[in-house]
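One-letter residues, chain by chain:
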Amino acid sequence: MADFAQLSTPDADARAHSARLLALLRAEIEAAGGWIPFSRYMELALYAPGLGYYSAGARKFGPGGDFITAPELTPLFGQALAGQVDEILRVCVSASAVIEIGAGSGLLAVDLLLELERRGNLPERYAILELSAELRARQQETLNSRAPHLAARVHWLDALPESFSGVVVANEVLDAMPAHLVSIRAHAEGVFERGVTSAPDAAALRWADRPAQGAVLEAARSLALPQPEAGEYLTEINLAARGWVRTWAERLGQGALLLIDYGYPRAEFYLPSRANGTLRCYYQHHVLDDPLWWPGLVDITASVDFTAIAEAGFDAGLEVLGFTHQAQFLFNCGVLDCLARRGPQDSADYLRAAQAVGKLTLPQEMGELFKVIALGRGVEAPLSGFARGDRVHTL
Ligand SMILES: C[S@@+](CC[C@H](N)C(=O)[O-])C[C@H]1O[C@@H](n2cnc3c(N)ncnc32)[C@H](O)[C@@H]1O
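Let us look at the structure shown here. What you see is a predicted model, and the numbers here were worked out from it, not measured in a lab.

## What about the overall build of the chain?
Okay, so step 1: Looking only at helices and strands, one finds 14 helices and 16 strands in the chain.
Okay, so step 2: Computed over its C-alpha atoms, the radius of gyration of the chain comes to 21 Å, within 12% of the 21 Å expected for a compact globule of 395 residues.
Okay, so step 3: With respect to the three principal axes, the spread of C-alpha positions in the chain is 60 × 45 × 45 Å.
Okay, so step 4: Put simply, the chain has 395 residues, and 57% of those count as buried.
Okay, so step 5: Split by element, the accessible area of the chain, about 16600 Å² in all, is 51% carbon and sulfur.
Okay, so step 6: Charged side chains of the chain number 33 positive and 47 negative; the gap between the two group centres comes to 2 Å.

Encoded structure:
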């Protein structure tokens with residue numbers, strides 16, 4: 001975790017930007033009677049129009065940003081994933097379409113489209129659903145510069161379609177959905193929900209807990225969270241991600257969702273040893289643990305409870321088609337064949353690509369922490385991405 005003293009203070013423009021978001025947060029807190037749940041804070045801090053971390057202009061992805069995602073690391077990620085998309089599109093007799101959710105800089109769209117073209121199975125439509133207007137513009141630029149002949153095939157959606165058949169791809173999107181924070185205290189009955197409050201005389205926002213109610217309380221009870229002997233057990237419950245999967249289950253005709261993210265099956269998520277939860281923030285490649293630090297300037301994220309995602313889909317009528325580590329999925333999808341296509345093994349390009357594949361697949365890097373889950377309807381399992389090493393039994 002970064003020491004705050006090591007971090008460069010945001011520049012004057014960034015501070016002014018954060019101050020505008022803070023004013024909005026204070027107004028919302030006041031209108032809500034003095035307290036908002038953390039999930040609402042996270043939603044505004046990331047997505048408030050024009051002000052949130054993802055909605056405003058800051059550079060987020062890549063070496064000059066705050067964090068690096070798999071598609072930013074290497075095109076081989078998208079090329080391997082395209083193998084799985086290709087297979088699902090071939091069995092989807094009713095449609096040839098892909099929707100990518102939260103497409104970041106647009107690189108994954110480029111890599112998927114170019115590889116699907118190479119495989120002779122370009123989807124008729126490739127849609128991107130992106131909450132951020134700034135990222136949408138960046139995605140357009142990326143497509144125009146890297147795959148201009150395919151750019152016209154891509155269009156942007158403002159909301160989930162009412163019905164859809166095809167493949168839905170979401171890389172590192174579930175972790176960016178607003179999570180509720182809940183706390184179980186030693187020597188205290190019940191479950192508390194952590195929220196945010198604002199004192200008119202204090203510069204910063206503050207944490208405040210309330211007894212959990214409604215859906216949050218119900219979800220926390222069903223998890224049977226560990227009771228700490230001292231202090232508290234603080235963790236996250238992502239109701240938004242579950243709701244999002246349920247909505248897809250209602251709208252998906254034939255096809256599958258391919259969801260890639262960091263997280264765990266439930267039995268490994270809510271461990272007694274994980275007493276501070278998984279919530280963390282990224283700022284200029286430093287990991288911070290205080291999401292109230294400069295709202296709007298830092299990314300906020302929480303690991304995914306993949307059992308909750310599988311349950312939400314299954315209960316709403318989808319089949320769990322596969323679940324495995326990212327490394328296993330990429331190997332099953334032929335990432336090493338994609339690497340072999342990079343040319344002579346002593347070329348600088350090959351060595352760079354091989355290093356990136358190591359990062360994507362080594363257990364101590366992204367290989368095991370990241371998982372892939374496929375949920376679908378009208379698609380027969382096993383899919384090739386889960387042919388070896390399927391871990392559905394761990395959900
Ligand atoms: C960590 S970034 C990942 C970006 C990209 N997929 C990548 O791998 O580089 C999270 C992205 O998810 C988007 N996002 C989060 N919730 C979303 C939702 N409900 N619908 C659409 N996009 C969403 C954000 O706007 C952002 O672009």
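## Points about the packing of aromatic side chains
Each aromatic ring pair is described using two quantities: the centre-to-centre distance and the angle formed by the ring planes.
Okay, so step 1: Summed over all chains, the structure comprises 13 aromatic pairs.
Okay, so step 2: When the ring of Tyr47 is compared with that of Tyr54, the centres are 5.7 Å apart and the planes differ by 15 degrees; the resulting orientation is stacked.
Okay, so step 3: A residue is classified by how much of its surface remains accessible, and Tyr54, at 10% relative accessible area, is buried.
Okay, so step 4: Ring geometry for Tyr262 and Phe370: centres 5.2 Å apart, planes at 80 degrees, overall edge-to-face. Separated by 108 residues along the polypeptide, Tyr262 in strand E10 (residues 252-264) and Phe370 in strand E16 (residues 370-377) bring together distant segments of the chain.
Okay, so step 5: Under the relative-accessibility criterion, Tyr262 is labelled buried at 6%.
Okay, so step 6: Given a relative accessible area of 7%, Phe370 falls into the buried group.
Okay, so step 7: Above the ring of Phe192, the side-chain terminus of Arg185 is found at 3.7 Å from the ring centroid.

## Looking at helix H13 (residues 348-361)
In an α-helix, one full turn covers 3.6 residues, which means residues spaced three or four apart are oriented alike.
Okay, so step 1: End to end, H13 covers 20 Å across 14 residues, agreeing with the expected 20 Å (1.5 Å per residue, within 8%).
Okay, so step 2: For H13, the complete set of buried residues consists of Tyr350, Ala353, Ala356, Val357, Gly358, Leu360 and Thr361.
Okay, so step 3: On its buried side, H13 packs onto helix H3 (70-73), helix H4 (75-91), helix H11 (326-332), helix H12 (335-340) and helix H14 (363-367).

## Remarks on the pairing of strand E9 (residues 232-237)
Okay, so step 1: Most of E9 is tucked away: 5 of the 6 residues are buried.
Okay, so step 2: Two elements, strand E6 (residues 180-185) and E9, share 6 bridges in a ladder whose sense is antiparallel. Bridge pairing links Ile184 to Tyr233 in E9.

## With respect to the side chain of Thr278
Okay, so step 1: Within the element layout of this structure, Thr278 appears in the loop between helix H9 (266-269) and strand E11 (280-283).
Okay, so step 2: Separated by 2.9 Å, the side chain of Thr278 and the backbone nitrogen of Ser303 make a polar contact.
Okay, so step 3: Other than its neighbours up to four places away in sequence, Thr278 contacts Glu236, Tyr264, Phe269, Thr301, Ala302 and Ser303.

## A closer look at the packing of helix H8 (residues 239-251) against helix H10 (residues 306-315)
Okay, so step 1: Between H8 and H10, the shortest axis-to-axis distance is 8 Å and the interhelical angle comes to 30 degrees. Put simply, H8 runs roughly parallel to H10. For the pair H8 and H10, the sense of crossing is right-handed. Across from Ala241, Arg242, Val245, Arg246 and Ala249 in H8, the residues of H10 making contact are Ala308, Ile309, Ala312 and Gly313.
Okay, so step 2: Within the contact of H8 with H10, the residues separate by chemical class into 6 nonpolar, 1 polar and 2 charged.

## Digging into the nonpolar core
Okay, so step 1: Formed by 50 residues in total, the largest nonpolar core has its most connected members in Leu81 and Val85.
Okay, so step 2: Here this core takes 8 residues from H4, the largest share from any one element.
Okay, so step 3: The contacts of Val85, once residues within four sequence positions are left out, are Val98, Leu112, Leu116, Val167, Val169 and Leu258.

## Observations regarding the site of the ligand
Okay, so step 1: Near the ligand, the surroundings consist of 19 residues, among which Tyr47, Thr69, Gly102, Glu130 and Asn171 are the closest.
Okay, so step 2: Taking Thr69, its side chain carries an N or O atom lying 2.6 Å from an oxygen atom of the ligand.
Okay, so step 3: Glu130 has a polar side-chain atom sitting 2.9 Å from an oxygen atom of the ligand.
Okay, so step 4: Surface burial for the ligand is 95%, taken as the share of its 600 Å² of free accessible area covered by protein chains.
Okay, so step 5: Here the shell around the ligand is composed, by residue class, of 13 nonpolar, 4 polar and 2 charged.

## Brief notes about the environment of Ala199
Okay, so step 1: Locating Ala199 in the fold gives a position in the loop between strand E7 (192-197) and strand E8 (206-211).
Okay, so step 2: The exposure class of Ala199 is buried, given its relative accessible area of 15%.
Okay, so step 3: Once residues within four sequence positions are removed from consideration, Ala199 is found in contact with Arg26 and Arg206.

## A word on the sheet that holds E11
Okay, so step 1: One open sheet holds the 3 strands; their spatial order is E12-E11-E13, and the pairing between them is antiparallel. Each of the sheet's edge strands pairs with one partner strand only, and the pair in question is strand E12 (286-288) and strand E13 (299-301). Going across the sheet, the axis of each strand differs from the next one's by a mean of 30 degrees, ignoring polarity.

Basis of the calculations
- Residues numbered from 1 in each chain as written.
- Predicted model: local features only at pLDDT ≥ 70, side-chain atom pairs only at ≥ 80, totals over all residues.
- Heavy atoms only, no water.
- Helix = DSSP H or I, 4+ residues; strand = E, 2+ residues; numbered from the N terminus.
- Rg over C-alpha atoms; globule rule 2.2 N^0.38 Å.
- Buried < 20%, exposed > 50% of the residue type's maximum accessible area, 1.4 Å probe, protein only.
- Areas by Shrake-Rupley, 256 points an atom, 1.4 Å probe, with all protein chains shown as cover.
- Lys, Arg positive; Asp, Glu negative; His and termini not counted.
- Charge placed at Lys NZ, Arg CZ, Asp CG, Glu CD.
- Phe/Tyr/Trp six-rings, centres within 6.5 Å; stacked < 30°, edge-to-face > 60°.
- Lys NZ or Arg CZ within 6 Å of the ring centre and 35° of its normal.
- Expected span 1.5 Å × (residues − 1).
- Contact = heavy atoms within 4.5 Å.
- Pairing = 2+ DSSP bridges.
- Polar contact = N/O pair within 3.5 Å; in protein donor to acceptor, adjacent residues only side chain to side chain.
- Axes fitted to C-alpha atoms, helices over the stretch in contact; angles between N-to-C directions.
- Parallel < 35°, antiparallel > 145°, perpendicular 65-115°, else oblique.
- Left-handed = near helix turned anticlockwise from the far one by under 90°.
- Nonpolar A, V, L, I, M, F, W, Y, C, P; charged D, E, K, R; others polar.
- Core = buried A, V, L, I, M, F, W, Y, C linked by side-chain atoms within 4.5 Å.
- Near = heavy atom within 4 Å.

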